[in-house]
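# Structural features, examined
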Amino acid sequence: MARPFLADPHFVKKTREGRADEINTCIACNQACLDFIFSDRPVGCLVNPRAGRETEFRDTPTDTPKKVAVVGGGAAGMATAAEAARLGHDVTLFEAQDKLGGQLNLARAAPGKDEFDETLRYYAGQMQKHGVTQRLGQRAEASDLEGFDHVVIATGVTPRIPDLPGIDHPSVATYAEILSGDREAGDRVVVMGAGGIGHDVAEFLVTKPAETANSDVFCETWGVDPEFVSSGALAGDPLAPKPSRRKVVMLQRKTAKPGAGLGVSTGWILRNALRKHGVEAMGGVTYEHIDDAGLHIVADGNPTVIAADTIVLCTGQEPERALAKEVVARGVLVTMIGGAKEAAELDALRAIDEGVRLAQDL
Ligand SMILES: Cc1cc2nc3c(=O)[nH]c(=O)nc-3n(C[C@H](O)[C@H](O)[C@H](O)COP(=O)(O)OP(=O)(O)OC[C@H]3O[C@@H](n4cnc5c(N)ncnc54)[C@H](O)[C@@H]3O)c2cc1C
Ligand code: SF4
């Protein structure tokens, strides 16, 4: 129960009072608890920015209630809206999609990351409880934002499209198209980019949903004896290859080991899962062009082509700031947070932290 108490120190109180649906659930990410401890930083929590930093936040309602518009219902926007309304501001949240979550809806498609559903449940519940007016399915325009005292731009990110000859070839898809189910990958896939999203996409492409959702299939896949009869509960070699129907090659331009930037306490699991499912990872490549033959690269000084039915772009993200520029030009008080503010090194940890802290300072 250590991590769940970081995520919500009021876990027991809420349960006792019959408010279990208001618990902020630990999503078992390890990102700000174990990973911070292992890298000599004070422990924190992705879903609860207060954890370990309680004295930096206040719980008293605001003396100066404001009319606040939050544009974007991703992690950053939801966290801002819920906290601002809790402190007594009159908050309206605009979300272009017909559902909340933004990139979390893509993250949750990766094997094991459907736990983000709990974060969505929590923030959606808090927004409802504290009376946030939600305009789902409405892409806010500058004219919608007149009459607010403060506009929070949490419009997030869009996938970066590299400038490469042949980038408009029909085999090319973005990570968002693949993870949302808008596009289905073929049997031979190249994943361009081996950061966190590249790894998640590769795992999504080679893992059967039952391997994470069904405990029998999980145990069989990882050589676990669920009866604990055999020594160490090992029922075989956990790393025995389990090839997928898809052949996936993951590439990156950096010469560093692919996956070097993954979480200290979880990265090794993801790297092993990909190896087990036969995913090949290569660093230090130069992308040349894309055509019917596949992706042309130079690796170790040698030009080569990797045949592919589908080439998935996991080549970074661009901040979505078009609306912010327009609103600022109208002289409205605007603050940008999350991916809209800075797309580099973006994660939900930063997005939620920035959202809650901004709401405290409104
Ligand atoms: C596959 C994948 C796995 C990930 N895994 C993790 C992980 O394990 N841990 C982690 O910390 N992070 C992870 N992330 C990153 C995390 O999901 C994002 O960093 C975070 O959700 C970004 O939040 P945001 O609110 O800044 O932006 P977004 O999530 O992009 O939200 C922006 C929202 O604004 C809306 N919008 C845009 N313009 C308008 C407008 N004019 N009017 C109304 N609405 C508008 C969009 O529709 C969108 O819903 C992952 C991401 C992906 C894609
Ligand atoms: S950082 Fe993640 S794993 Fe750690 S307590 Fe918070 S939600 Fe749980």
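Residues numbered from 1 in each chain as written. Chains lettered and ligands numbered in written order. Predicted model: local features only at pLDDT ≥ 70, side-chain atom pairs only at ≥ 80, totals over all residues.

Another point: helix H14 (residues 348-361). For H14, built from 14 residues, the straight-helix expectation of 20 Å at 1.5 Å per residue is met to within 8% by its first-to-last C-alpha distance of 20 Å. Where H14 is concerned, the buried positions are Ala348, Ala351, Ile352, Asp353, Glu354, Gly355, Val356, Leu358 and Ala359. Of the surrounding secondary structure, the elements contacted by the buried residues of H14 are helix H4 (75-86), helix H5 (104-107), strand E4 (150-153), strand E15 (334-336) and helix H13 (338-341). (Helix = DSSP H or I, 4+ residues; strand = E, 2+ residues; numbered from the N terminus. Expected span 1.5 Å × (residues − 1). Buried ≥ 20, exposed ≤ 12 C-beta atoms within 10 Å, placed from the backbone. Contact = placed C-beta atoms within 7 Å.)

Looking now at the domain arrangement of the chain. Assigned domains of the chain: these are domain 1 (58-158 + 318-361) and domain 2 (161-207 + 244-313). When each unit is reduced to the centre of its C-alpha atoms, the spacing between domain 1 and domain 2 is 31 Å. Each partner contributes residues to the interface: domain 1 has four residues there, and domain 2 has seven residues. For the side of domain 1 that touches domain 2, the residue count by class is four nonpolar, no polar and no charged. (Domains from an automatic or database assignment. Nonpolar A, V, L, I, M, F, W, Y, C, P; charged D, E, K, R; others polar.)

Taken together, the three strands give an open sheet; going across it, the order is E10-E11-E12, and neighbouring strands pair in antiparallel fashion. Each of the sheet's edge strands pairs with one partner strand only, and the pair in question is strand E10 (286-291) and strand E12 (302-306). The mean inter-strand angle of the sheet, taken between neighbouring strand axes irrespective of direction, is 25°. Pairing of E10 with strand E11 (residues 294-299) involves five bridges; the strand directions are antiparallel. Pairing of Thr286 across the sheet is with Val298, part of E11. (Pairing = 2+ DSSP bridges. Axes fitted to C-alpha atoms, helices over the stretch in contact; angles between N-to-C directions.)

It is at 10 Å that the axes of helix H8 (residues 196-206) and helix H11 (residues 267-276) come closest, and there the two elements cross at 40°. Between H8 and H11, the crossing angle belongs to the class labelled oblique. The handedness of the crossing between H8 and H11 comes out as left-handed. Seen from H8, the contacting residues are His199, Ala202 and Glu203; seen from H11, they are Leu270, Ala273 and Leu274. The residue makeup of the contact of H8 with H11, split by class, is four nonpolar, one polar and one charged. (Parallel < 35°, antiparallel > 145°, perpendicular 65-115°, else oblique. Left-handed = near helix turned anticlockwise from the far one by under 90°.)

Before going further, it helps to examine the site of ligand 2. Neighbouring ligand 2 are 14 residues, the closest being Arg3, Cys26, Cys29, Cys33 and Cys45. Residues belonging to the shell around ligand 2 are distributed by class as follows: eleven nonpolar, two polar and one charged. (Near = placed C-beta within 6 Å.)

Within the open sheet, the five strands sit side by side as E3-E2-E1-E4-E15. Their pairing is parallel. The open sheet is flanked by strand E3 (133-136) and E15, the only strands paired with a single partner. Sheet twist, expressed as the average angle between the axes of neighbouring strands with direction ignored, equals 15°. Both strand E2 (residues 90-95) and E3 contribute to a ladder of four bridges, which runs parallel. Looking at the pairing, Leu93 lines up with Gln134 of E3.

Turning our attention to the site of ligand 1. Looking at ligand 1, there are 40 residues lining it, with Gly72, Gly74, Gly102, Gly156 and Gly338 nearest. Mapped onto the shell around ligand 1, the elements with two or more residues apiece are H4, E2, H5, H8, H13 and H14. Both of domain 1 (58-158 + 318-361) and domain 2 (161-207 + 244-313) provide at least three residues apiece to the shell around ligand 1.

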